[in-house]
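Results of the structural survey
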Amino acid sequence: MCAQPIQLRLEETMPVPRDADALAALSRLLTHGHHDDPNELLEYPDTTIEPPDGWLWQQHTPQPGLLDPTSYQLADSTVDAHDLHASPVAALADGGNKPFTSAQNEYCRRSLDVTMKGGTTSAVIYPLALCELARHFRFRNLGGASAGAIAAALGASAELGRVRATAGRQRTDVLGEHQVAQGRLRQGFAGLADVIAWVTQPDAPDAAEEYRLVQLFKPTQAGLPLFRVIAAVMRQQFVRGALLLLLSLNTASRIVTLAAFALAPLGLAAVAPWSPTRWVPTAAWWPYPYYWPAAVLLWLAFGWLIPLAALIATRPRSATAAPAGFEEPLPVPDPPAKPRAWFGTAIVAGAAAVAWFATALYTMGWAGLLITVVFLIAEVVLVLLGFALGIMRVSATAKQHRYGLIGGSGLATDDDTLRGRLTALIDGASQVLPRRTVEPNLTDWLTQAMADLAGLPAHEVVRFGHLWTGADYVPGDPDGAARQAAKDSRQRCINLELMSTELIRKAPYRFPLPAAASDDERLWFDPGDLDGVLPRRVIDAMTLNEQPQQVTSLTTGAPITLYRFPQPWDLPVVFATRASLALPALFQSLRLYELRQGAMRVRTEFGARIARNGTDLRFPVSGAGEARVAQELWLTDGGVTSNFPIHMFDSPLPLWPTVGIDLGDYPAGAGHQDVYLLGDAQAAKHLAAPLKQAMSSFLGAILGTSLQWRDNAQLQMPAFQARIAVVRQRSYEGGNNLFMTRQDVASLAIRGVVAGMRLRRRFASDAQWQRQQWLRLRVAGQNIVDVAQRLQTSLREQTYAELVPNQLTGHEWARLDALEASVAGQADPNPPSGPPDAPEAPLDWYAPSGPRTEIGLDEHGRPVGFFANLTTLVSSSRYLNADPDVLTDGVPLPLAELRQVPRS
């Protein structure tokens, strides 16, 4: 049973608790639950809340704690648990034109699809949102990109754990205290809630901050120096960051940088008008007696320049006052107070500046002081030049490090070199990077977390076949069930789809990829490329029962040994997850290969072959003749091409809701509103936050628009709005803020709870879901009319009219054969795969199989043959008896458009 209602008192008029209140509130939600009562989470003192008539939240239902496994048993469903967890094809077996049974309708009403947006550390929002949804719904399809892919993969594994527990496959081992401290999880959605409990430690609010989240982001040894610099900047430790940057550069850059500290004093000692100085030691072998005073002066200047720059960089920026009448209607929280050594830094900078000025004036006078400033500026320029050269060197060799600093697998190693010891000294006993208390790296933890949530043995690797079959999947799929599911996602017990971006072809990749029918269609990989990126057991799972093949690299011309990329049912889920979250420059990209025929004919712009001395020119020239070459493919963050793939599981007439969890910022007038649904009244017409004064605001808006315009355009569709919850974050929350405190994480996690609650209650309501169905029906009707009108015109054109006649004449195949023969002798711009002296291959016409004669209808009254079926399919469009004006009158705006696009 749920505990008594918990009133969460807030210090300010904020809907979601922050600071210490956030940890307390999260602890109660995890252990005691709530009553589906907004007053338990939100409070607006000195205001009157006016709920509308028939408000969904007027009825309260006790909900157990999110850590309680009984929260997710779906015990109130009227469908048998076995049937509820069946695949859509099995549960909704073809019944002809008969309406769904009551059990099938309940199956649909308990089903849900979810997609989640990418956002690096914003992933902490999603686990409890999924847990809230799992109280009432069974997930059929889960998808996302980047950080959303992590949440989707963990959610799919938790759903698999629930399926297995229902079938009696419940884990019996008990996790020890050390295992829990290292992030081990329980089975099912209670384990998914464990993730947030592990990151935030709400049961120990006074414990020291461990930054467990950032501890999962362990850089490679080569990337450790630069990662320390990034960490220092994130924590606004700019003085320490500057010293770490100097040490992180290559030797040549350090020499250039340090030379400035030696040569600038030499020039100053030679040209400055020094006063007689009795305290300057002289030596016959040193021609510049004033070198050391000059060095002291210039180095002392850095004693106030660097702290001054740090003070400027970390100065509080006051928010621009809103115009009169446009102030926020409710108070907005201040950014969390971060400890800054303002007083100490100012004292150091001031004392160094006074000492520098007085010493220079005493030893050289005003003219010497001016010359000192000139040499100081020259020294700064040389130092910056050294930094620039070092950064350029790092950039020039980025491919050696897979274009990133973090691999994701393997224990963190200390750098025992002199540079490593110096950086550790400057790091200052965990001042930049937190003290190491978490052993696993990110993909190591993800691999284990998925196995734990799914209820598989600790050493097992979760594959897509496990999700699809929902049972004890055997690698290789000996019974063929997963192969069938690969062809049709509706045959999958749990369907997980994750977005990644391939940079050579410049196209989105949607994992799991389609099954490959032959080696020509397969991707390939080098296990060495995955060392340090994925755990060894995952790499071993990908090479299981596979034979290596030696080919030639198109990039280097050297032989490389590759393995076939696993078929989709055997692919470890963690590979697709890691391919989706490869945040550029931070996470290393993943390299795959595709094989192409070697020694291809060289052709002109018009497709003709080129010969020299009677021999066709070929590329690449290889003694192996037609040996295949390997073309590199690089996978990076899925958010580059689709950061919020809400379209993944969309259907013109959906059988159950597809909801999304989006991330956003606070528009004008809504600084108090942490979570909202696009379908709320006036939500789509809210006043957006204006661009800021800086050029960076303009350029950032351009970049964000170019990457997300397609995703954002869908949010304006009436049939999409009501099913997307937007969780808002401020600049110091989520995103790339790796060093969020436990309180910040707890506040974001509670916003996930609110988003999950709202979506669950909205789509558990029959009336709300039926309104969605009506909207989709209206949009689909307009789409069909639009397509039918276009088809009606096109079918009057000669070729279409002959291939899709009003009445079958038996000449359709002859017409197709004639068309094929008309281009049979034309050169194919795609080189054939046969021997060099083979004739050009004809163009593929993709002719359908089946009888080449039309024989009318079969005994069931269905057309027989390709052209008979095609004619029947488009007959309604040819005559278009429906009145388009009636179907499009009052259709929701903006109008939708059906397009044929590749299924990425």
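Given the structure is predicted, the values throughout are model-derived calculations rather than measurements. (Residues numbered from 1 in each chain as written. Predicted model: local features only at pLDDT ≥ 70, side-chain atom pairs only at ≥ 80, totals over all residues. Heavy atoms only, no water.)

1. Examining the overall build of the protein chain
- Each helix and strand counted, the protein chain has 29 helices and 16 strands in total.
- A total of 904 residues make up the protein chain; the buried ones form 48% of that total.
- Excluding contacts between residues fewer than 6 apart, the proportion of contacts in the protein chain whose partners are at least 24 apart in sequence is 78%.
- As presented, the protein chain carries roughly 44600 Å² of accessible surface, and 59% of it is formed by carbon and sulfur atoms. (Helix = DSSP H or I, 4+ residues; strand = E, 2+ residues; numbered from the N terminus. Buried < 20%, exposed > 50% of the residue type's maximum accessible area, 1.4 Å probe, protein only. Contact = heavy atoms within 4.5 Å. Areas by Shrake-Rupley, 256 points an atom, 1.4 Å probe, with all protein chains shown as cover.)

2. What about the packing of aromatic side chains?
- Under the counting rule described, the total for this entry stands at 16 aromatic pairs.
- For the pair Trp198 and Trp445, a centre-to-centre distance of 5.8 Å together with 15° between the ring planes defines the contact as stacked. Taken together, the residues Trp198 in helix H8 (residues 189-200) and Trp445 in helix H16 (residues 442-454) connect sequence positions 247 residues apart. There is no split in this pair, since Trp198 and Trp445 are both buried.
- The interplanar angle of 35° and the centroid separation of 6.2 Å between the aromatic rings of Phe525 and Tyr563 together place this pair among those described as tilted. (Phe/Tyr/Trp six-rings, centres within 6.5 Å; stacked < 30°, edge-to-face > 60°.)

3. Some remarks on the UniProt feature "transmembrane region" (unreviewed entry) in the protein chain
- Following the UniProt record, one finds the feature "transmembrane region" (unreviewed entry) at residues 243-270, 290-313, 341-362 and 368-392.
- Within the segment residues 243-270, helix and strand shares are 93% and 0% respectively, and the terminal C-alpha atoms sit 29 Å apart.
- For the annotated span residues 368-392, helix accounts for 100% and strand for 0% of the residues, and the straight-line distance between the end C-alpha atoms is 36 Å. (UniProt positions renumbered as here; feature names shortened; annotations may be inferred.)

4. Quick word on the environment of Val256
- Positionally, Val256 belongs in helix H12 (residues 251-271).
- Val256 gets classed as partly exposed once you look at its relative accessible area, which sits at 29%.
- On a C-alpha basis, the gap between Val256 and Leu384 in space is 9.6 Å, while along the polypeptide they are 128 residues apart.
- With near-sequence residues (within four places) excluded, Val256 lies in contact with Leu382, Gly386 and Leu389.

5. Concerning the side chain of Gln448
- Position of Gln448 among the secondary structure elements: in helix H16.
- Taking the relative accessible area as the measure of exposure, Gln448 reaches 15% and is therefore buried.
- Beyond its immediate stretch of four places on either side in the chain, Gln448 contacts Arg184, Ala458 and Arg537.

6. What to know about unusual backbone geometry
- Across the junction of Phe511 and Pro512, the peptide omega takes the value 0°, indicating a cis bond.
- Checked against the element boundaries, Pro512 lands in the loop between strand E4 (507-511) and strand E5 (523-525).
- Even without a glycine there, the phi angle at Ser146 is positive, about 60°.
- Mapped onto the secondary structure, Ser146 falls in the loop between strand E2 (138-145) and helix H6 (147-166).
- A positive phi angle, near 60°, is found at Arg402, a position not held by glycine.

7. So, the pairing of strand E3 (residues 495-502)
- Along E3, eight of the eight residues are buried, which leaves the element largely enclosed by surrounding structure.
- Residues Asn495, Glu497, Met499 and Thr501 of E3 are buried on one face, and the alternating residues Leu496, Leu498, Ser500 and Glu502, pointing to the opposite face, are buried as well.
- Of the pairings in the sheet, the one linking E2 to E3 comprises five bridges and is parallel in character. Bridge pairing links Leu142 to Leu496 in E3. (Pairing = 2+ DSSP bridges.)

8. Brief notes about the packing of helix H5 (residues 126-134) against H6
- For the pair H5 and H6, interaxial distance at closest approach is 10 Å and the crossing angle is 35°. The crossing of H5 and H6 is right-handed. Across the interface between the two elements, Tyr126, Leu130 and Ala134 from H5 touch Ala147, Gly148, Ala151, Gly155 and Arg162 from H6.
- Looking at the contact of H5 with H6, its residues break down into five nonpolar, two polar and one charged. (Axes fitted to C-alpha atoms, helices over the stretch in contact; angles between N-to-C directions. Left-handed = near helix turned anticlockwise from the far one by under 90°. Nonpolar A, V, L, I, M, F, W, Y, C, P; charged D, E, K, R; others polar.)

9. Topic: the confidence of the model for the protein chain
- Counting all residues, the mean pLDDT for the protein chain is 83, and 89% of those residues have values of 70 or more.
- No element of the protein chain has a lower mean pLDDT than helix H15 (residues 418-427), which averages 69, and none a higher one than H5, which averages 97.
- Every residue in residues 1-14 scores below 50 in pLDDT, and together they form 41 contacts with partners more than four places removed in sequence or on other chains.
- The low-confidence segment residues 830-834, where pLDDT is below 50, has nine contacts with residues more than four positions distant or belonging to other chains. (pLDDT = per-residue confidence, 0-100.)

10. Some words on the nonpolar core
- With 163 residues, the main nonpolar core has Leu467, Leu496, Phe511, Phe565 and Phe575 as its most contacted residues.
- Residues Phe644, Ala719, Phe720 and Val779 belong to the second largest nonpolar core, which totals twelve residues. (Core = buried A, V, L, I, M, F, W, Y, C linked by side-chain atoms within 4.5 Å.)

11. Let's talk about the packing of helix H10 (residues 224-234) against helix H11 (residues 238-248)
- Interhelical geometry of H10 versus H11 gives an angle of 165° and a closest axis separation of 8 Å. Between H10 and H11, the interaxial angle falls into the category roughly antiparallel. H11 is crossed by H10, and the crossing has left-handed handedness. Residue-level contacts link Pro225, Leu226, Arg228, Val229, Ala232 and Val233 of H10 to Phe238, Gly241, Leu244, Leu245 and Ser248 of H11.
- Looking at the contact of H10 with H11 residue by residue, the classes come out as eight nonpolar, two polar and one charged. (Parallel < 35°, antiparallel > 145°, perpendicular 65-115°, else oblique.)

12. Structural notes on the environment of Ala294
- You can see Ala294 is positioned in helix H13 (residues 291-313).
- Along the chain, Ala294 and Trp274 lie 20 residues apart, while their C-alpha atoms are 9.8 Å from each other.
- The contacts of Ala294, once residues within four sequence positions are left out, are Pro265, Leu268, Ala269 and Trp274.

13. Details of H8
- Here H8 spans 17 Å end to end across twelve residues, near enough to the 16 Å set by a 1.5 Å rise per residue.
- Buried residues of H8: Phe189, Ala190, Gly191, Leu192, Ala193, Asp194, Val195, Ile196, Ala197, Trp198, Val199 and Thr200, and no others.
- Positive backbone phi, approximately 50°, marks Gln201, located one or two places after H8. (Expected span 1.5 Å × (residues − 1).)

14. Concerning helix H24 (residues 742-764)
- Here H24 contains 23 residues, and its C-alpha end-to-end distance of 32 Å stays within 8% of the 33 Å for a straight helix at 1.5 Å per residue.
- Of all the 23 residues making up H24, 20 are buried; the element is thus mostly covered by neighbouring parts of the structure.

15. Let's talk about the pairing of strand E1 (residues 111-116)
- Counting buried positions along E1 yields six of six residues, so the element is predominantly enclosed.
- Of the two faces of E1, the one lined by Ser111, Asp113 and Thr115 and the one lined by Leu112, Val114 and Met116 are each fully buried.
- Alignment of E1 against E2, held across six bridges, turns out to be parallel. Along E2, the bridge assignment pairs Val114 with Leu142.
- For the handedness criterion, the β-α-β arrangement of E1, H5 and E2 is classed as right-handed.
- In the sheet, E1 pairs with strand E14 (residues 658-664) via four bridges, with the strands oriented parallel. (Right-handed = clockwise from strand over helix to strand, strands pointing away.)

16. Considering the side chain of Arg212
- With respect to the secondary-structure elements, Arg212 resides in helix H9 (residues 212-215).
- Here the side chain of Arg212 touches Trp198 through a polar contact of 2.7 Å, landing on its backbone oxygen.
- A polar atom in the side chain of Arg212 sits 3.0 Å from the side chain of Glu210. (Polar contact = N/O pair within 3.5 Å; in protein donor to acceptor, adjacent residues only side chain to side chain.)

17. Re the pattern of salt bridges
- For the coordinates displayed, the defined rule picks out 36 salt bridges.
- A salt bridge links Asp529 to Arg591; its shortest N-O distance comes to 3.0 Å. Of this pair, Asp529 sits in helix H19 (residues 527-530) while Arg591 sits in strand E8 (residues 590-596); the two residues are 62 residues apart in sequence, bridging distant segments of the chain.
- Here Asp540 and Arg536 are joined by a salt bridge, their closest N and O atoms 3.4 Å apart. You can see Asp540 and its partner Arg536 sitting in helix H20 (residues 536-543), four residues apart, about one turn around the helix.
- Exposure remark for Arg536: the relative accessible area of 43% places this residue in the partly exposed category. (Salt bridge = Lys/Arg side-chain N within 4 Å of Asp/Glu carboxyl O.)

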